[in-house]
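The chain contents come next:
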Amino acid sequence: MAAASYLPSEDQFLCSICLDVFTDPVAIPCGHNFCKDCITEHWDRNDRCQCPMCKEAFNTRPNLRVNTFISEMVAQFRQSAQQKASSSSSEQQVFKPGEVPCDVCTETKLKALKSCLVCLTSYCETHLEPHLTASSLKRHQLIDPVENLEDRMCLKHDKPLELFCKTDQTCVCLLCTVLDHKMHDVVPLKEGYEGEKAALGNKEPRSVEMIRKRRLKIEEIKHSVDLSKKVADREKAEGVQVFTALKKSVERNLNEFIQTIEGKQNMRMKQAEALIKQLEQEISQLKKRVAKVEHLSRSEDHLHVLQGVQSLNIQHPSPTKDWTKVSIPPSSYEGTVNGAVERAVVQLEETLSKEMKKLIEAELKRVQRYAVDVTLDPNTAHPTFILSDDGKEVRYGDVKIRLPNNREGFPDDICVLGKQSFSSGRFYFEVQVKRKTEWDLGVARRLINRKGEITLGPGWDNWTISLRNGNEYEANDARSVRLSLKSRPKKVGVFVDYEKGLFSFYDIDAAALIYSFTGCSFTEKLYPVFSPGLKCGRENAAPLIISPVRFT
């Protein structure tokens, strides 16, 4: 009875090809047993038909039949193993999400304890036992359980990735070191792991800093988008305000025009109604007279006729008004349309001027935020200029002084530059120009080592506006543009947007845009440039004064 209950160990039922418990075991002529599919595939892949274990060759492929005895023994072994696994599953940990499951368990998946790099299979405690007891399996390399074991095999040689090639920075198998990575610096995985982990530790602070900078850049971009949206909303609101005012002005004049036409027409209609009523009254009187006359003409009573005629002349006299010259001429609307349009245009211009002034005032408030402190550079001043001690005023003197040889300016220039230079961003400054008949004002590139007379104006590297003869204004860059201003500026604001290539000049007191240069291109430093103009006696003796910006 004891012999009947005997059950061999699992290693006696392992196929030497798949290293797993037999499935459809067959015996070949040499006496060795294999899974039917395993031995069939083995012979299909090899030219010779021989036993994988003892190497005995067969002239013809043997006819394979399932060994029923071994098959029954395997079935009993599997049943016993399942019962054992079932009884011990309560003691073992059941597989949970995030853990590696046993690849052999068919019903309740248990947590894998080890993964075999040879079998490419993960095993729970029960299914791991053959690898711990069977001599043929003890040589297999076991590691802590991992998923995707196929990724740990060399795709080219189907061998475990056990080494790290430092030359190519990749994991390799033993065959790789002999073939593809010969003479390379190859180390065990553990050594490579320690080196790379140390390198990762050095890279981590740098990566963290890069993440921080990129997050800051994201916030910067978001902030820029928010600012852009605010600017867009503000511009849209200002535009809607202007066009709404213009629309109301046009609608108001249209209503006035329609009311004028309808008023004239109503007046004609009332005149016609009055004349028609008067005519109808006369017709009524004439009808009564005609009826009385007809009645008297049929009477034979002499007295009655004579008395009736006298009464007729008294009670129903014949109308005497001459209607031949009475008429209602058609209404004349000539000049009405033109007059209405002219008035509408005038009011439209007034409205537009008022709204444009509001826009310029708002624009001035924005550009004044970029105000900078500008002072005059005496080393660039024309020899006849007189500069104030604080570097804020410049006037034309009477005597030409002698300059030192190391002077950085241009002896023949009639201008002076600001000390401050600008090569990016935006900047703004204001200059008082009242009581002057000549002046130049703007921004210029600084030109060094130029010979001969250099003046501000067309053809030179500057963007300025100028006054000549007391009332002639011009804008100058590569060409000269005559300007027509409604009033003489007393204080001029200068705004520059370096990246946009924009130069704008404002009449501060009138809150008006004088002129803008747009689409300019440059890469050099830009300097504020000033010229008080020539003095003739007391005329144009007032200085140009760089004024502090008082926000409007």
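Residues numbered from 1 in each chain as written. Predicted model: local features only at pLDDT ≥ 70, side-chain atom pairs only at ≥ 80, totals over all residues. Heavy atoms only, no water.

A few points about the overall build of the chain
On a plain count of helices and strands, the chain comes out with eight helices and 21 strands. Relative to its 552 residues, the chain shows a buried fraction of 32%. Of all intrachain contacts in the chain linking residues separated by at least 6 positions in sequence, the fraction that spans at least 24 positions is 56%. (Helix = DSSP H or I, 4+ residues; strand = E, 2+ residues; numbered from the N terminus. Buried < 20%, exposed > 50% of the residue type's maximum accessible area, 1.4 Å probe, protein only. Contact = heavy atoms within 4.5 Å.)

Things to note about a nonpolar patch on the surface
Side chains of L175, V178 and L179 sit close together on the surface and give an oily, nonpolar patch of about 280 Å² of accessible area. For V178, the location among the structural elements is in helix 5 (residues 174-178). (Patch = residues over 30% accessible without salt bridge, like charges linked within 9 Å, V, L, I, M, F, W, Y side chains within 5 Å. Areas by Shrake-Rupley, 256 points an atom, 1.4 Å probe, with all protein chains shown as cover. Salt bridge = Lys/Arg side-chain N within 4 Å of Asp/Glu carboxyl O.)

Examining helix 6 (residues 189-297)
Taking the largest bend as the criterion, helix 6 deviates by roughly 35°, centred on K203, and proline P205 comes between one and four positions later. Listed in full, the buried residues belonging to helix 6 are G192, E238, V242, A245, L246, S249, N253, E282 and L296. (Bend = angle between axes of the 7 residues up to and from the residue.)

Some points on the sheet that holds strand 7 (residues 170-172)
Strand order in the open sheet made by the three strands is 7-6-8, with antiparallel pairing throughout. A single partner strand is all that each edge strand has here, and the edge strands are strand 7 and strand 8 (186-188). Averaged over neighbouring strand pairs, the angle between their axes works out to 35° when direction is ignored. As paired elements, strand 6 (residues 163-165) and strand 7 share three bridges and run antiparallel to each other. (Pairing = 2+ DSSP bridges. Axes fitted to C-alpha atoms, helices over the stretch in contact; angles between N-to-C directions.)

A look at the side chain of H157
By secondary structure assignment, the location of H157 is in the loop between strand 5 (142-143) and strand 6. Using a relative accessible area of 16% as the deciding quantity, one classes H157 as buried. Setting aside anything within four residues of it in sequence, one finds H157 in contact with C173, L175, C176, L179 and D180.

A look at the sheet that holds strand 19 (residues 512-517)
Judged by pairing direction, the sheet is antiparallel, and its seven strands sit side by side in the order 9-10-21-12-17-18-19 without closing on themselves. At either margin of the open sheet sits one strand with a lone partner, and together these are strand 9 (385-387) and strand 19. Shown here is a sheet whose adjacent strand axes are inclined to one another by a mean of 20°, direction ignored. Relative to strand 19, strand 18 (residues 502-507) runs antiparallel, the two sharing five bridges. Looking across to strand 19, one finds that F505 is bridged to Y515.

Re the packing of aromatic side chains
This model, assessed by the stated rule, comprises twelve aromatic pairs. Each ring, one from W463 and one from F503, has its centre 4.8 Å from the other, and the planes form 10°; the classification is stacked. Linking W463 in strand 14 (residues 462-468) with F503 in strand 18, this pair joins segments that are 40 residues apart in sequence. Taking relative accessible area as the criterion, F503 reaches 0% and is therefore assigned buried. An aromatic cluster is defined as three or more aromatic residues linked by ring pairs; in this entry it consists of W463, Y498, F503 and F522. (Phe/Tyr/Trp six-rings, centres within 6.5 Å; stacked < 30°, edge-to-face > 60°.)

Quick look at the confidence of the model for the chain
Low-pLDDT portions of the prediction should not be read for the details of their coordinates. Scored by pLDDT, the chain has a mean of 81; 87% of the residues are at 70 or more. For the chain, the element scoring lowest by mean pLDDT is helix 2 (residues 68-89), at 73; strand 12 (residues 426-432) scores highest, at 96. Contacts for the low-pLDDT stretch residues 1-6, under 50 throughout, to residues beyond four places or in other chains number one contact. The low-confidence segment residues 448-455 (pLDDT under 50) makes twelve contacts with residues lying over four places distant or belonging to another chain. (pLDDT = per-residue confidence, 0-100.)

Observations concerning the nonpolar core
Counting 36 residues, the largest nonpolar core has W439, V492, F503 and F530 as its most contacted members. In contact with F503, other than residues within four places in its own chain, are V443, W463, F495, V496, Y515, S516, F517, C520, F522 and L526. Counting residues in hydrophobic clusters, the runner-up holds 22 residues, among them F22, W43, F77 and A134. (Core = buried A, V, L, I, M, F, W, Y, C linked by side-chain atoms within 4.5 Å.)

Focus: the environment of F22
By the secondary structure assignment, F22 is in the segment before strand 1 (25-27). Taking C-alpha positions, F22 is 9.6 Å from C38, a pair spaced 16 residues apart along the chain.

Points about the pairing of strand 10 (residues 393-396)
In strand 10, alternate side chains face the same way, and those of V394 and Y396 are buried while those of E393 and R395 on the opposite face are not. In this antiparallel pair of consecutive strands, strand 9 and strand 10, the connection spans five residues, and G391 shows a positive phi of 70°. Direction of pairing for strand 10 relative to strand 21 (residues 544-547): antiparallel, over a ladder of two bridges. Of the residues in strand 21, the one forming a bridge with V394 is L544.

Some thoughts on the pairing of strand 20 (residues 526-531)
With six of six residues buried, strand 20 lies mostly within the body of the structure. On strand 20, burial covers both faces: L526, P528 and F530 on one face and Y527, V529 and S531 on the other are all buried. When strand 11 (residues 416-417) meets strand 20, the two strands line up antiparallel, connected through two bridges. Directly across from V416, in strand 20, lies its bridge partner F530.

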